[in-house]
Amino acid sequence: MRARAVVDLAALRANVRALRARAPRQQLMAVVKANAYGHGAVPCARAARQAGAEWVGTATPQEALALRAAGDTGRLMCWLWTPGDPWREAVDAGIDVSVSGMWALEELSRAVVGSDHGPARVQLKIDTGLGRNGCQPGDWEQLVAAARDAEKDGLIKVTGVWSHFACADEPGHPSIQAQLAVFRDAVAYAERQGLTPEVRHIANSPATLTVPEAHFDLVRTGVAMYGISPSPEVGTPDELGLKPVMTLSASLASVKRVPGGHGVSYGHQYTTPGETTLALVPVGYADGIPRAGSGTGPVLVGGKWRTVAGRVAMDQFVVDLGGDSAAPGDEAVLFGPGDRGEPTAEDWARATGTIAYEVVTRISARVPRVYLGEVREHQTETTETDDTGA
Ligand SMILES: *Cc1c(COP(=O)(O)O)cnc(C)c1O
């Protein structure tokens, strides 16, 4: 196989259990947007459910509907709506939908009138300071009143009030407490107006790990579930009790001796310093390897870290093995948990000036996912004897 992203579902389940232990009285929403940050939405959602996640969350309604179509019957929520999106299908599928403004409540209400499956389950989103989606606090009174009216008309039921942090990955950032204060006020106001949300929630992975007072009724964990730290300041995966779930590797497509002074890859940004061995790694930016990794990305080949020599091309890049030898077919590990000495997604993030979230999420569909530790539906999590293997 040219390349593979091995996804360790036993590690994912262990991470979900570790996160549940951080918020033991709260429900947990497994965030599987963007194909589970590149790990595969359907198997990851199933594994998270097996480890006790009561909720699964996605960004787009299409992502949530795809999970329903794949047989997920639990509580599902999606939050990134655009005018014209499939409200009716979401209501029919029993998906909790996020509403941040009047246009969404109006489109939703029209969709519910034609559905046999109402009332729609609605989670009202307040912008407590992120400045992205969510109702501005100044417009909250109007949105709450309209939601209350729609409840009285039997069109919707407000199941949640929620928000999202801007800087939870920077422990101690003053915006965290400021957002919490706005959130508490917005929840209290909605409840005074007669709304009775089942769940109030604002915590993402970093807040789940570092801000206990932000846990409320539910925590929404994404990146940490995949064994990746939200930021170096929050800690390493190991310090957080998390195990990276994805290992990205490729088989060397060519190994050859070349003389010194040989240019390597487009633009000849690398020239061999002397006679050496070059190995060709058959993955490139079309597979999601950052082109910014040209000359900087770390790769484990033959037990040693190498650095991408010259440019990352669309389909391939080269590493200089120096005096070492290797054979076509030998494994090159770009990143993984690090327990075999390989780089981690965090190492690639540092080398390419991005965040580890992006490193895993951008791995493209051209790379086959290989699942380890999958538990069949009829098996139960209690049959699992340890945290590393099913
Ligand atoms: C992506 C996302 C999350 C999960 O964030 P992590 O930092 O990956 O845990 C939670 N809530 C919302 C609204 C999101 O978009």
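Report follows, based on the coordinates. (Residues numbered from 1 in each chain as written. Predicted model: local features only at pLDDT ≥ 70, side-chain atom pairs only at ≥ 80, totals over all residues. Heavy atoms only, no water.)

## Quick notes on helix H7 (residues 137-152)
Inference 1: End to end, H7 covers 23 Å across 16 residues, agreeing with the expected 22 Å (1.5 Å per residue, within 8%).
Inference 2: Turning to H7, its buried residues are Trp-140, Leu-143, Val-144, Ala-146, Ala-147, Ala-150 and Glu-151.
Inference 3: The inward-facing, buried residues of H7 abut strand S5 (96-99), helix H6 (102-113), strand S6 (120-125), strand S7 (156-162) and helix H8 (174-192).
Inference 4: Just downstream of H7 lies Gly-154, where phi reads positive at about 75 degrees. (Helix = DSSP H or I, 4+ residues; strand = E, 2+ residues; numbered from the N terminus. Expected span 1.5 Å × (residues − 1). Buried < 20%, exposed > 50% of the residue type's maximum accessible area, 1.4 Å probe, protein only. Contact = heavy atoms within 4.5 Å.)

## A word on the side chain of Glu-107
Inference 1: On the secondary structure map, Glu-107 appears in helix H6.
Inference 2: Of the side chains with opposite charge, Arg-110 comes closest to the buried, unpaired Glu-107, at an N-O distance of 4.9 Å.
Inference 3: Polar contacts involving the side chain of Glu-107 include one to the side chain of Trp-87, which spans 2.7 Å.
Inference 4: Ignoring sequence-local partners within four residues, the contact set of Glu-107 consists of Pro-83, Gly-84, Asp-85 and Trp-87. (Lys, Arg positive; Asp, Glu negative; His and termini not counted. Salt bridge = Lys/Arg side-chain N within 4 Å of Asp/Glu carboxyl O. Polar contact = N/O pair within 3.5 Å; in protein donor to acceptor, adjacent residues only side chain to side chain.)

## Some remarks on the sheet that holds S7
Inference 1: Across the sheet, eight strands lie side by side as S8-S7-S6-S5-S4-S3-S2-S9; this open sheet has parallel pairing. Edge positions in the sheet fall to strand S8 (199-201) and strand S9 (218-221), since each of these pairs with one other strand and no more. Strand-to-strand twist across the sheet, computed as the mean angle between neighbouring axes with direction ignored, equals 30 degrees.
Inference 2: Judged from the four bridges that link them, strand S3 (residues 55-58) and strand S4 (residues 75-78) form a sheet pairing that is parallel. Directly across from Val-56, in S4, lies its bridge partner Leu-76.
Inference 3: Along the sheet face, helix H3 (residues 41-50) touches strand S2 (27-31), S3 and S4 and points at about 150 degrees away from the line of S3. (Pairing = 2+ DSSP bridges. Axes fitted to C-alpha atoms, helices over the stretch in contact; angles between N-to-C directions.)

## Some details on the site of the ligand
Inference 1: Around the ligand lies a shell of 14 residues, among which Lys-33, Tyr-37, Ser-205, Val-223 and Tyr-357 are the nearest.
Inference 2: At 3.4 Å, a side-chain N or O of Trp-79 approaches an oxygen atom of the ligand.
Inference 3: In the complex, the protein chains occlude 95% of the 390 Å² of accessible area that the ligand would expose alone.
Inference 4: The set of elements that each furnish at least two residues to the shell around the ligand consists of helix H2 (33-37), helix H9 (205-210) and S9.
Inference 5: Broken down by class, the residue content of the shell around the ligand amounts to seven nonpolar, five polar and two charged. (Near = heavy atom within 4 Å. Areas by Shrake-Rupley, 256 points an atom, 1.4 Å probe, with all protein chains shown as cover. Nonpolar A, V, L, I, M, F, W, Y, C, P; charged D, E, K, R; others polar.)

## What to know about the pairing of S2
Inference 1: Of all five residues in S2, four are buried; the element is thus mostly enclosed.
Inference 2: Across three bridges, the pairing between S2 and S3 is parallel. Counted as the bridge partner of Val-31 is Gly-57 from S3.

## Re the layout of surface pockets
Inference 1: Estimates place the volume of the second largest pocket at around 270 Å³.
Inference 2: Lining of the second largest pocket is provided by 17 residues; of these, Val-264, Ser-265, Leu-280, Gln-316 and Val-318 occupy positions nearest its centre.
Inference 3: Of all the elements in the fold, those that place two or more residues in the lining of the second largest pocket are strand S11 (254-258), strand S12 (263-264), strand S14 (276-281) and strand S17 (317-320).
Inference 4: Looking at side-chain class alone, the lining of the second largest pocket contains 10 nonpolar, five polar and two charged residues. (1 Å grid on protein atoms, 1.4 Å probe; cavity = no way out; pocket = protein on both sides within 12 Å on 5 of 7 lines; lining within 4 Å. Points joined across faces, edges and corners; volume = space filled by probe spheres on them.)

## Thoughts on the environment of Leu-195
Inference 1: With respect to the secondary-structure elements, Leu-195 resides in the loop between H8 and S8.
Inference 2: For the pair formed by Leu-195 and Glu-377, sequence separation is 182 residues and the distance between their alpha carbons is 37 Å.
Inference 3: For Leu-195, the contacting residues outside a window of four places in its chain are Leu-124, Val-144, Arg-148, Glu-151, Val-158 and Ala-190.

## Points about unusual backbone geometry
Inference 1: For the bond running from Gly-118 to Pro-119, omega is -10 degrees, close enough to zero to count as cis.
Inference 2: Within the secondary structure, Pro-119 sits in the loop between H6 and S6.

## Details of the pairing of S5
Inference 1: Residues of S5 alternate between two faces, with Asp-96 and Ser-98 on one and Val-97 and Val-99 on the opposite face, all of them buried.
Inference 2: Of the strand pairs in this sheet, S4 and S5 are connected by two bridges, and their pairing is parallel. By the bridge assignment, Met-77 is partnered in S5 with Asp-96.
Inference 3: As for the winding sense of the linkage, the β-α-β connection from S4 through helix H5 (residues 87-92) to S5 is right-handed.
Inference 4: The pairing of S5 with S6 spans three bridges and is parallel. (Right-handed = clockwise from strand over helix to strand, strands pointing away.)

## Thoughts on the sheet that holds strand S1 (residues 3-8)
Inference 1: Read across the sheet, nine strands follow the order S11-S14-S17-S16-S15-S18-S10-S1-S19 without closing on themselves; strand pairing throughout is mixed. Each edge of the sheet is formed by a strand with only one pairing partner; in this case those strands are S11 and strand S19 (369-372). Across this sheet, the average inter-strand angle for adjacent strands is 35 degrees, counted without regard to direction.
Inference 2: Sitting on the sheet, helix H1 (residues 9-22) is in contact with S1 and S19, with an inclination near 40 degrees to S1.
Inference 3: The strands touched by helix H10 (residues 345-352) within the sheet are strand S15 (298-301), strand S16 (304-309) and strand S18 (331-335), with S15 carrying the most contacts at an inclination of about 135 degrees.

Treat this as a map of the structure, not an account of what it does.
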